[in-house]
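An overview of the molecular structure
Now for the letters of each chain:
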Amino acid sequence: MIYCDYQATTPLAPEAREAMLPWLDGPDGTGFGNPHSPHRFGRQAAAAVELARDRVAALFPPGGRVIFTGSATEAINLALRGSHPPGDARPVAVSAIEHAAVLDTARALRCPVEILPVDRAGLVDPACGLPDAVRLVAVMQVNNEIGTIQPVDALARRAKELGALFLCDAVQGAGKLAPPAEADMIAVSAHKLYGPKGIGALWIRDGVVLEPLLTGGGQEQGLRSGTLSPALCAGFGVAARLSTELLENDAQHVEKLWARVHSLLPEWELNGSADSRWHGNLNIRREGLDVARLMSDLRTIAFSAGSACASGSGRPSHVLSALGLSARQAKSSIRLGFGRYTTLDEIEMVAESLNAAAERQDMR
Ligand code: PLP
(Lines give C-alpha, C1' and ligand atoms only; values in the text may rest on other atoms or scores of the structure.)
Protein backbone atom coordinates (compact mmCIF):
# COMPACT_ATOMS: atom_id res chain seq x y z
CA MET A 1 0.00 0.00 0.00
CA ILE A 2 1.37 3.43 -0.92
CA TYR A 3 0.27 6.35 1.25
CA CYS A 4 -0.43 9.51 -0.78
CA ASP A 5 -2.79 11.42 1.49
CA TYR A 6 -0.44 13.65 3.51
CA GLN A 7 -3.00 16.48 3.69
CA ALA A 8 -5.49 14.22 5.50
CA THR A 9 -2.84 13.19 8.01
CA THR A 10 0.88 12.48 8.11
CA PRO A 11 2.52 9.31 9.43
CA LEU A 12 3.71 9.65 13.02
CA ALA A 13 7.46 10.39 13.08
CA PRO A 14 9.29 7.53 14.90
CA GLU A 15 11.05 10.17 17.03
CA ALA A 16 7.67 11.60 18.13
CA ARG A 17 6.37 8.13 19.00
CA GLU A 18 9.51 7.43 21.04
CA ALA A 19 9.04 10.70 22.97
CA MET A 20 5.45 9.76 23.84
CA LEU A 21 6.12 6.33 25.33
CA PRO A 22 7.51 7.34 28.77
CA TRP A 23 4.31 9.31 29.42
CA LEU A 24 2.11 6.28 28.80
CA ASP A 25 3.60 4.37 31.77
CA GLY A 26 1.62 1.85 33.77
CA PRO A 27 1.80 1.46 37.59
CA ASP A 28 5.47 0.44 37.55
CA GLY A 29 6.62 3.73 36.07
CA THR A 30 6.30 7.39 37.05
CA GLY A 31 5.26 8.86 33.70
CA PHE A 32 1.51 8.55 34.13
CA GLY A 33 1.13 11.56 36.42
CA ASN A 34 -1.42 14.33 36.01
CA PRO A 35 0.56 17.40 34.87
CA HIS A 36 -1.66 19.56 37.06
CA SER A 37 -0.84 17.66 40.31
CA PRO A 38 1.62 19.28 42.72
CA HIS A 39 3.55 16.09 43.71
CA ARG A 40 6.61 14.65 41.96
CA PHE A 41 4.62 12.59 39.45
CA GLY A 42 2.71 15.69 38.45
CA ARG A 43 5.72 18.01 38.38
CA GLN A 44 7.58 15.61 36.11
CA ALA A 45 4.63 15.46 33.69
CA ALA A 46 4.24 19.25 33.86
CA ALA A 47 7.92 19.69 32.94
CA ALA A 48 7.36 17.48 29.86
CA VAL A 49 4.35 19.59 28.88
CA GLU A 50 6.30 22.84 29.23
CA LEU A 51 9.25 21.49 27.23
CA ALA A 52 6.76 20.53 24.51
CA ARG A 53 5.17 23.99 24.68
CA ASP A 54 8.58 25.62 24.10
CA ARG A 55 9.21 23.35 21.12
CA VAL A 56 5.79 24.01 19.61
CA ALA A 57 6.32 27.77 20.19
CA ALA A 58 9.18 27.63 17.68
CA LEU A 59 6.54 27.10 14.95
CA PHE A 60 5.18 30.61 15.62
CA PRO A 61 6.39 34.20 15.54
CA PRO A 62 7.80 35.67 18.77
CA GLY A 63 5.52 37.67 21.06
CA GLY A 64 2.70 35.28 21.83
CA ARG A 65 1.62 32.25 23.86
CA VAL A 66 0.75 28.67 22.95
CA ILE A 67 -2.48 27.12 24.23
CA PHE A 68 -2.78 23.36 23.71
CA THR A 69 -6.14 22.13 22.41
CA GLY A 70 -7.56 18.78 21.32
CA SER A 71 -7.30 19.61 17.60
CA ALA A 72 -6.93 22.50 15.19
CA THR A 73 -10.72 22.51 14.88
CA GLU A 74 -10.92 23.30 18.59
CA ALA A 75 -8.17 25.94 18.28
CA ILE A 76 -10.13 27.63 15.47
CA ASN A 77 -13.34 27.51 17.52
CA LEU A 78 -11.51 29.06 20.48
CA ALA A 79 -10.14 31.83 18.25
CA LEU A 80 -13.42 32.63 16.49
CA ARG A 81 -15.89 32.16 19.34
CA GLY A 82 -13.53 33.34 22.07
CA SER A 83 -12.89 36.67 20.31
CA HIS A 84 -16.56 37.31 19.50
CA PRO A 85 -18.18 39.63 22.03
CA PRO A 86 -21.80 38.44 22.56
CA GLY A 87 -24.23 40.53 20.52
CA ASP A 88 -21.47 42.15 18.44
CA ALA A 89 -22.91 42.48 14.93
CA ARG A 90 -19.75 43.71 13.20
CA PRO A 91 -18.89 41.48 10.22
CA VAL A 92 -16.12 38.91 9.89
CA ALA A 93 -14.46 38.12 6.56
CA VAL A 94 -13.21 34.65 5.61
CA SER A 95 -11.86 33.25 2.36
CA ALA A 96 -14.11 31.09 0.18
CA ILE A 97 -11.67 28.18 0.40
CA GLU A 98 -11.28 27.95 4.18
CA HIS A 99 -11.60 24.56 5.86
CA ALA A 100 -15.06 23.81 7.26
CA ALA A 101 -13.63 24.41 10.75
CA VAL A 102 -13.39 28.12 9.87
CA LEU A 103 -16.35 28.46 7.48
CA ASP A 104 -18.91 26.69 9.65
CA THR A 105 -17.71 28.27 12.90
CA ALA A 106 -17.78 31.76 11.37
CA ARG A 107 -21.34 31.11 10.16
CA ALA A 108 -22.33 30.09 13.70
CA LEU A 109 -21.22 33.43 15.20
CA ARG A 110 -24.48 35.32 14.63
CA CYS A 111 -22.83 38.14 12.72
CA PRO A 112 -22.55 38.90 9.01
CA VAL A 113 -19.92 36.75 7.26
CA GLU A 114 -18.28 38.19 4.14
CA ILE A 115 -16.81 35.56 1.83
CA LEU A 116 -13.56 36.67 0.16
CA PRO A 117 -13.36 35.16 -3.34
CA VAL A 118 -10.33 33.47 -4.89
CA ASP A 119 -9.17 33.71 -8.49
CA ARG A 120 -8.85 30.82 -10.96
CA ALA A 121 -5.46 29.98 -9.40
CA GLY A 122 -7.03 29.61 -5.96
CA LEU A 123 -5.52 32.79 -4.49
CA VAL A 124 -7.14 35.56 -2.45
CA ASP A 125 -6.34 39.03 -3.83
CA PRO A 126 -4.30 40.85 -1.14
CA ALA A 127 -6.11 44.05 -2.21
CA CYS A 128 -9.61 42.48 -1.99
CA GLY A 129 -12.44 44.55 -0.54
CA LEU A 130 -12.97 44.09 3.18
CA PRO A 131 -16.32 45.06 4.71
CA ASP A 132 -16.74 48.31 6.68
CA ALA A 133 -16.17 47.87 10.40
CA VAL A 134 -14.80 44.37 9.85
CA ARG A 135 -13.97 42.81 13.24
CA LEU A 136 -11.95 39.76 12.21
CA VAL A 137 -10.43 38.39 9.01
CA ALA A 138 -9.55 34.69 8.62
CA VAL A 139 -7.45 33.40 5.72
CA MET A 140 -5.53 30.12 5.74
CA GLN A 141 -1.80 29.87 5.01
CA VAL A 142 -1.92 26.77 2.75
CA ASN A 143 -5.12 25.29 1.38
CA ASN A 144 -5.72 21.66 2.31
CA GLU A 145 -7.30 20.65 -1.00
CA ILE A 146 -5.19 22.46 -3.60
CA GLY A 147 -2.10 23.49 -1.61
CA THR A 148 -2.17 27.15 -2.65
CA ILE A 149 -0.17 29.51 -0.44
CA GLN A 150 -2.15 32.64 0.42
CA PRO A 151 -0.72 36.16 0.83
CA VAL A 152 -1.49 36.06 4.55
CA ASP A 153 1.03 38.65 5.71
CA ALA A 154 -0.36 41.30 3.33
CA LEU A 155 -3.93 40.43 4.34
CA ALA A 156 -3.03 40.54 8.04
CA ARG A 157 -1.54 44.02 7.59
CA ARG A 158 -4.75 45.16 5.87
CA ALA A 159 -6.81 43.74 8.73
CA LYS A 160 -4.61 45.55 11.25
CA GLU A 161 -5.05 48.88 9.41
CA LEU A 162 -8.82 48.43 9.78
CA GLY A 163 -8.52 47.55 13.47
CA ALA A 164 -9.55 43.92 12.84
CA LEU A 165 -8.00 40.74 14.23
CA PHE A 166 -6.38 38.31 11.79
CA LEU A 167 -6.75 34.55 12.30
CA CYS A 168 -4.59 32.23 10.23
CA ASP A 169 -5.36 28.52 9.92
CA ALA A 170 -1.76 27.33 9.44
CA VAL A 171 -2.60 23.63 9.74
CA GLN A 172 -1.16 22.76 6.32
CA GLY A 173 1.71 25.25 6.42
CA ALA A 174 3.13 24.84 9.93
CA GLY A 175 6.50 23.13 9.96
CA LYS A 176 6.76 23.55 6.18
CA LEU A 177 6.83 27.33 5.68
CA ALA A 178 7.85 30.33 7.78
CA PRO A 179 5.00 31.24 10.16
CA PRO A 180 2.50 33.97 9.23
CA ALA A 181 4.41 36.73 11.01
CA GLU A 182 1.62 39.34 11.08
CA ALA A 183 -1.26 37.16 12.34
CA ASP A 184 -2.92 37.72 15.73
CA MET A 185 -3.96 34.09 16.16
CA ILE A 186 -2.62 30.94 14.46
CA ALA A 187 -4.15 27.45 14.61
CA VAL A 188 -2.10 24.29 14.04
CA SER A 189 -2.56 20.53 14.35
CA ALA A 190 0.10 17.97 15.40
CA HIS A 191 -1.08 15.22 13.07
CA LYS A 192 -0.38 17.29 9.95
CA LEU A 193 3.29 17.67 10.87
CA TYR A 194 4.19 14.07 11.74
CA GLY A 195 2.88 14.29 15.31
CA PRO A 196 0.04 12.40 17.03
CA LYS A 197 -3.69 12.87 16.45
CA GLY A 198 -5.75 14.40 19.26
CA ILE A 199 -3.72 17.55 19.89
CA GLY A 200 -3.53 20.99 18.31
CA ALA A 201 -2.60 24.46 19.45
CA LEU A 202 -3.70 28.05 19.21
CA TRP A 203 -0.99 30.71 19.22
CA ILE A 204 -2.28 34.02 20.57
CA ARG A 205 -0.39 37.28 20.12
CA ASP A 206 0.35 39.11 23.39
CA GLY A 207 -2.43 41.59 24.10
CA VAL A 208 -5.19 39.62 22.33
CA VAL A 209 -7.88 38.72 24.86
CA LEU A 210 -10.11 35.65 24.45
CA GLU A 211 -12.95 34.09 26.41
CA PRO A 212 -12.62 30.34 27.04
CA LEU A 213 -14.78 27.77 25.26
CA LEU A 214 -14.26 25.17 27.99
CA THR A 215 -14.49 26.18 31.62
CA GLY A 216 -13.58 24.05 34.62
CA GLY A 217 -10.17 23.56 36.25
CA GLY A 218 -8.70 26.65 34.61
CA GLN A 219 -5.86 24.85 32.82
CA GLU A 220 -4.06 26.46 29.87
CA GLN A 221 -4.11 29.92 31.45
CA GLY A 222 -7.85 29.65 31.98
CA LEU A 223 -8.49 29.34 28.23
CA ARG A 224 -8.90 25.57 27.94
CA SER A 225 -9.87 23.63 31.01
CA GLY A 226 -9.23 19.89 31.05
CA THR A 227 -6.28 17.66 31.90
CA LEU A 228 -3.61 17.72 29.23
CA SER A 229 -2.07 14.51 27.90
CA PRO A 230 1.70 14.72 28.49
CA ALA A 231 2.21 11.94 25.91
CA LEU A 232 0.39 13.89 23.18
CA CYS A 233 2.18 17.11 24.16
CA ALA A 234 5.59 15.37 24.12
CA GLY A 235 4.88 13.82 20.69
CA PHE A 236 3.71 17.17 19.32
CA GLY A 237 6.80 18.89 20.77
CA VAL A 238 9.26 16.51 19.14
CA ALA A 239 7.34 16.56 15.84
CA ALA A 240 7.47 20.38 15.87
CA ARG A 241 11.19 20.41 16.69
CA LEU A 242 11.89 17.94 13.88
CA SER A 243 9.81 19.94 11.38
CA THR A 244 11.81 23.04 12.20
CA GLU A 245 15.14 21.19 11.96
CA LEU A 246 14.17 19.39 8.74
CA LEU A 247 12.38 22.33 7.09
CA GLU A 248 14.91 22.68 4.26
CA ASN A 249 15.43 18.92 3.78
CA ASP A 250 11.70 18.21 3.73
CA ALA A 251 11.10 21.02 1.23
CA GLN A 252 13.89 19.82 -1.08
CA HIS A 253 12.60 16.25 -0.91
CA VAL A 254 9.07 17.39 -1.74
CA GLU A 255 10.38 19.46 -4.69
CA LYS A 256 12.04 16.34 -6.15
CA LEU A 257 8.86 14.29 -5.74
CA TRP A 258 6.75 17.08 -7.26
CA ALA A 259 9.02 17.51 -10.29
CA ARG A 260 8.98 13.77 -10.93
CA VAL A 261 5.28 13.10 -10.47
CA HIS A 262 4.21 16.24 -12.31
CA SER A 263 6.36 15.32 -15.31
CA LEU A 264 4.84 11.83 -15.41
CA LEU A 265 1.24 13.10 -15.56
CA PRO A 266 1.17 15.31 -18.70
CA GLU A 267 -2.43 14.37 -19.56
CA TRP A 268 -3.71 15.69 -16.26
CA GLU A 269 -4.70 19.31 -15.59
CA LEU A 270 -3.43 20.98 -12.39
CA ASN A 271 -6.05 22.59 -10.12
CA GLY A 272 -4.76 25.80 -8.52
CA SER A 273 -1.54 27.75 -8.89
CA ALA A 274 1.62 25.77 -9.68
CA ASP A 275 3.94 28.41 -8.21
CA SER A 276 2.23 29.77 -5.12
CA ARG A 277 1.73 26.28 -3.78
CA TRP A 278 3.06 23.74 -1.31
CA HIS A 279 4.45 21.17 -3.73
CA GLY A 280 3.52 18.22 -1.51
CA ASN A 281 -0.02 18.72 -2.86
CA LEU A 282 -0.92 17.68 -6.38
CA ASN A 283 -4.60 18.25 -7.10
CA ILE A 284 -5.29 17.23 -10.69
CA ARG A 285 -8.20 16.45 -12.98
CA ARG A 286 -8.79 14.60 -16.19
CA GLU A 287 -11.76 15.21 -18.48
CA GLY A 288 -14.58 12.73 -17.87
CA LEU A 289 -12.70 10.75 -15.21
CA ASP A 290 -14.84 8.53 -13.00
CA VAL A 291 -13.02 9.06 -9.69
CA ALA A 292 -15.00 6.41 -7.79
CA ARG A 293 -13.99 3.82 -10.37
CA LEU A 294 -10.38 5.03 -10.31
CA MET A 295 -10.27 4.64 -6.54
CA SER A 296 -11.69 1.15 -6.66
CA ASP A 297 -9.19 0.20 -9.42
CA LEU A 298 -6.28 1.53 -7.38
CA ARG A 299 -6.92 0.04 -3.97
CA THR A 300 -3.22 -0.20 -3.15
CA ILE A 301 -2.81 3.57 -3.29
CA ALA A 302 -4.28 5.76 -0.57
CA PHE A 303 -5.27 9.09 -2.11
CA SER A 304 -8.24 11.38 -1.95
CA ALA A 305 -11.04 12.63 -4.17
CA GLY A 306 -10.85 16.20 -2.85
CA SER A 307 -10.56 16.86 0.87
CA ALA A 308 -10.97 13.95 3.29
CA CYS A 309 -13.93 15.73 4.91
CA ALA A 310 -15.77 16.44 1.66
CA SER A 311 -15.08 13.16 -0.11
CA GLY A 312 -17.95 10.74 0.19
CA SER A 313 -20.48 13.57 0.56
CA GLY A 314 -21.27 13.48 -3.17
CA ARG A 315 -21.15 17.31 -3.28
CA PRO A 316 -18.49 18.95 -5.47
CA SER A 317 -15.72 20.45 -3.36
CA HIS A 318 -16.43 24.07 -2.30
CA VAL A 319 -12.74 24.83 -2.96
CA LEU A 320 -12.75 23.61 -6.56
CA SER A 321 -16.10 25.35 -7.15
CA ALA A 322 -14.62 28.62 -5.81
CA LEU A 323 -11.88 28.35 -8.46
CA GLY A 324 -14.61 28.41 -11.12
CA LEU A 325 -14.45 24.71 -11.97
CA SER A 326 -17.72 23.11 -13.11
CA ALA A 327 -19.26 20.36 -10.97
CA ARG A 328 -18.12 17.87 -13.62
CA GLN A 329 -14.53 19.13 -13.50
CA ALA A 330 -14.51 19.14 -9.71
CA LYS A 331 -15.82 15.60 -9.62
CA SER A 332 -13.10 14.41 -12.01
CA SER A 333 -10.35 15.71 -9.68
CA ILE A 334 -8.12 13.83 -7.29
CA ARG A 335 -5.62 14.91 -4.64
CA LEU A 336 -2.23 13.28 -4.14
CA GLY A 337 -0.36 14.31 -0.99
CA PHE A 338 3.22 13.33 -0.28
CA GLY A 339 6.00 14.25 2.10
CA ARG A 340 8.93 13.20 4.27
CA TYR A 341 8.51 9.44 4.01
CA THR A 342 7.41 9.18 0.34
CA THR A 343 10.06 7.72 -1.97
CA LEU A 344 10.73 8.52 -5.64
CA ASP A 345 9.98 4.88 -6.50
CA GLU A 346 6.60 5.13 -4.81
CA ILE A 347 5.63 8.34 -6.57
CA GLU A 348 6.66 6.90 -9.95
CA MET A 349 4.58 3.81 -9.29
CA VAL A 350 1.61 6.00 -8.34
CA ALA A 351 1.89 8.05 -11.55
CA GLU A 352 2.17 4.94 -13.73
CA SER A 353 -0.83 3.31 -12.04
CA LEU A 354 -2.92 6.49 -12.37
CA ASN A 355 -2.11 6.82 -16.07
CA ALA A 356 -2.87 3.16 -16.77
CA ALA A 357 -6.18 3.25 -14.86
CA ALA A 358 -7.28 6.50 -16.53
CA GLU A 359 -6.39 5.13 -19.99
CA ARG A 360 -8.48 2.02 -19.31
CA GLN A 361 -11.39 4.39 -18.64
CA ASP A 362 -10.70 6.33 -21.88
CA MET A 363 -10.92 3.06 -23.84
CA ARG A 364 -14.41 2.18 -22.65
N1 PLP B 1 -7.70 23.30 8.83
C2 PLP B 1 -7.16 22.66 7.78
C3 PLP B 1 -6.59 23.45 6.65
C4 PLP B 1 -7.11 21.26 7.76
O5 PLP B 1 -6.56 20.64 6.72
C6 PLP B 1 -7.65 20.56 8.86
C7 PLP B 1 -7.72 19.08 8.84
O8 PLP B 1 -7.95 18.47 7.81
C9 PLP B 1 -8.19 21.27 9.94
C10 PLP B 1 -8.20 22.64 9.88
C11 PLP B 1 -8.73 20.56 11.14
O12 PLP B 1 -7.65 19.99 11.87
P13 PLP B 1 -7.91 18.91 13.03
O14 PLP B 1 -7.95 17.59 12.37
O15 PLP B 1 -6.72 19.02 13.95
O16 PLP B 1 -9.16 19.30 13.70
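Whatever comes next refers back to the structure up there.
Computed from a prediction, not measured in an experiment: that's the story for all the values here.

**So, the overall build of the protein**
Within the protein one finds eleven helices and twelve strands. Over its C-alpha trace the protein gives a radius of gyration of 21 Å, about what one expects of a compact globule, namely 21 Å for 364 residues. Residue burial in the protein is summarised as follows: out of 364 residues, 53% are buried. Contacts in the protein between residues far apart in sequence, at least 24 positions, make up 71% of those at least 6 positions apart. For the protein, the exposed area adds up to about 15200 Å²; of that, 54% sits on carbon and sulfur atoms. Across the protein, 35 positive and 40 negative side-chain charges occur, with their mean positions spaced 4 Å apart.

**What about the site of the ligand?**
Close to the ligand lie Ser71, Ala72, Thr73, His99, Met140, Asn144, Asp169, Val171, Gln172, Ser189, His191 and Lys192, which account for all nearby residues. Contact between the ligand and Ala72: an oxygen atom at 2.8 Å from a main-chain N or O atom of the residue. Asp169 is positioned such that a nitrogen or oxygen atom in its side chain is 2.6 Å from a nitrogen atom of the ligand. Relative to its unbound accessible surface of 400 Å², the ligand loses 88% to contact with the protein. Tallied by class, the residues present in the shell around the ligand amount to three nonpolar, seven polar and two charged.

**A few points about the sheet that holds strand E9 (residues 269-270)**
Ordered by their spatial adjacency, three strands build an open sheet running E9-E10-E12, and the pairing between neighbours is antiparallel. With one partner strand each, in any of the chains shown, E9 and strand E12 (333-337) form the two edges of the open sheet. Relative to E12, strand E10 (residues 281-285) runs antiparallel, the two being bridged by five bridges. Bridge pairing links Ile284 to Ile334 in E12. Contacts between helix H7 (residues 247-263) and the sheet are confined to E9, E10 and E12, with E10 contributing the most and set at about 15 degrees to the helix.

**Things to note about the side chain of Gln7**
Secondary-structure assignment places Gln7 in the loop between strand E1 (2-3) and helix H1 (14-20). Setting aside anything within four residues of it in sequence, one finds Gln7 in contact with Asn144, Gln172, Lys192, Trp278, Gly280, Asn281, Arg335, Leu336 and Gly337.

**Structural notes on unusual backbone geometry**
Despite not being glycine, Glu220 shows a phi value in the positive range, around 50 degrees. If you trace the backbone, Glu220 turns up in the loop between strand E8 (200-205) and helix H6 (230-245). Judged by relative accessible area, Glu220 falls into the buried class, the value being 7%. The phi dihedral of Gln221 falls on the positive side, at around 55 degrees, and the residue is not glycine. Positionally, Gln221 belongs in the loop between E8 and H6.

**A short note on the sheet that holds strand E3 (residues 92-95)**
Read from one edge to the other, the open sheet built from seven strands follows the order E2-E8-E7-E6-E5-E3-E4, with strand pairing classed as mixed. Unpaired on one side and paired on the other, strand E2 (64-69) and strand E4 (113-116) mark the two borders of the sheet. Strand-to-strand twist of the sheet, defined as the mean angle between neighbouring strand axes without regard to direction, takes the value 20 degrees. When strand E5 (residues 136-138) meets strand E6 (residues 165-169), the two strands line up parallel, connected through three bridges. If you follow Val137 over to E6, its bridge partner there is Phe166. In this fold helix H3 (residues 72-82) packs onto E2, E5, E6, strand E7 (185-189) and E8, with an angle of close to 165 degrees to the strand it touches most, E7.

About the cut-offs
Residues numbered from 1 in each chain as written. Predicted model: local features only at pLDDT ≥ 70, side-chain atom pairs only at ≥ 80, totals over all residues. Heavy atoms only, no water. Helix = DSSP H or I, 4+ residues; strand = E, 2+ residues; numbered from the N terminus. Rg over C-alpha atoms; globule rule 2.2 N^0.38 Å. Buried < 20%, exposed > 50% of the residue type's maximum accessible area, 1.4 Å probe, protein only. Contact = heavy atoms within 4.5 Å. Areas by Shrake-Rupley, 256 points an atom, 1.4 Å probe, with all protein chains shown as cover. Lys, Arg positive; Asp, Glu negative; His and termini not counted. Charge placed at Lys NZ, Arg CZ, Asp CG, Glu CD. Near = heavy atom within 4 Å. Polar contact = N/O pair within 3.5 Å; in protein donor to acceptor, adjacent residues only side chain to side chain. Nonpolar A, V, L, I, M, F, W, Y, C, P; charged D, E, K, R; others polar. Pairing = 2+ DSSP bridges. Axes fitted to C-alpha atoms, helices over the stretch in contact; angles between N-to-C directions.

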